[in-house]
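Summary of structural features
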Amino acid sequence: TFFLILDYERIRENMLQSELGRNICRMVTTCKGTLRTYVKAQGLILVLDGLVCTVAFYIAGQPYFLVLGPLAAVVDALPVLGIGMILLPYALYLLLSGSVGKALNMVLAYVCCVVIRQITEPKMIGNQIGMRPIYTIMSMYVGFRLFGIVGFLLGPVGVLLVRQVVEAFNNTEGFA
């Protein structure tokens, strides 16, 4: 592995001499850019959810709102758990404590986070990485079913990688 790092430039120059090597380099560059934009889109959704939850915890009078808001957003990013694991039990606690307004505030925050995650995520990620929302949703679902949380996050990247390979194959008539 160490010698590959030392010879990286020589190996890259040799690869760029052939059509196959140029296609591989193009696919790697495209996939790196796609992964970068995918992570940016997920990060933006995480920030939006974090802001909604932080404000909701602040309004509810929770003294640790600056910790709980971002923590709830991170839990929302995990498909098995979701934001309801934090906001809904807390809303129930507030309701049973007699703070109906604060409980409704938490339910409203839950609805906002669900809208952000479920409706805007496929559209935002699809626009960022150039894939239709339905394919984004399908790739997230299949990725999650096959590989868990990592598959959920990298499913769309895998679909784009396959698309790049197919496009490269079609454009160069079999890489040759």
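Residues numbered from 1 in each chain as written. Predicted model: local features only at pLDDT ≥ 70, side-chain atom pairs only at ≥ 80, totals over all residues. Heavy atoms only, no water.

All right, on to helix 5 (residues 84–96) then. The end-to-end C-alpha separation of helix 5 is 17 Å, in line with the 18 Å expected for 13 residues at 1.5 Å each. Phi for G98, located one or two positions after helix 5, is positive at around 95°. (Helix = DSSP H or I, 4+ residues; strand = E, 2+ residues; numbered from the N terminus. Expected span 1.5 Å × (residues − 1).)

Once that is clear, we can look at the nonpolar core. By size, the foremost hydrophobic cluster in this structure holds 14 residues, and its most contacted members are C53, F57, I83, L87, Y90, L94 and M106. Mapped onto this core, the elements with two or more residues apiece are helix 3 (19–59), helix 5 and helix 6 (100–129). Apart from residues no more than four positions distant in its own chain, I83 is found in contact with C53, A72, A73, D76, Y110, C113 and V114. (Core = buried A, V, L, I, M, F, W, Y, C linked by side-chain atoms within 4.5 Å. Buried < 20%, exposed > 50% of the residue type's maximum accessible area, 1.4 Å probe, protein only. Contact = heavy atoms within 4.5 Å.)

Tallied over the entire structure, the rule returns three aromatic pairs. Their ring planes at 55° and their centres at 5.6 Å tell us that F57 and Y90 sit as a pair that is tilted. Note that F57 is positioned in helix 3 and Y90 in helix 5, a separation of 33 residues in sequence. Taking the relative accessible area as the measure of exposure, Y90 reaches 17% and is therefore buried. The interplanar angle of 25° and the centroid separation of 6.1 Å between the aromatic rings of Y90 and Y93 together place this pair among those described as stacked. Taken together, the positions of Y90 and Y93, both in helix 5 and three residues apart, correspond to about one turn of that helix. (Phe/Tyr/Trp six-rings, centres within 6.5 Å; stacked < 30°, edge-to-face > 60°.)

The analysis is restricted to geometry; functional conclusions fall outside its scope.
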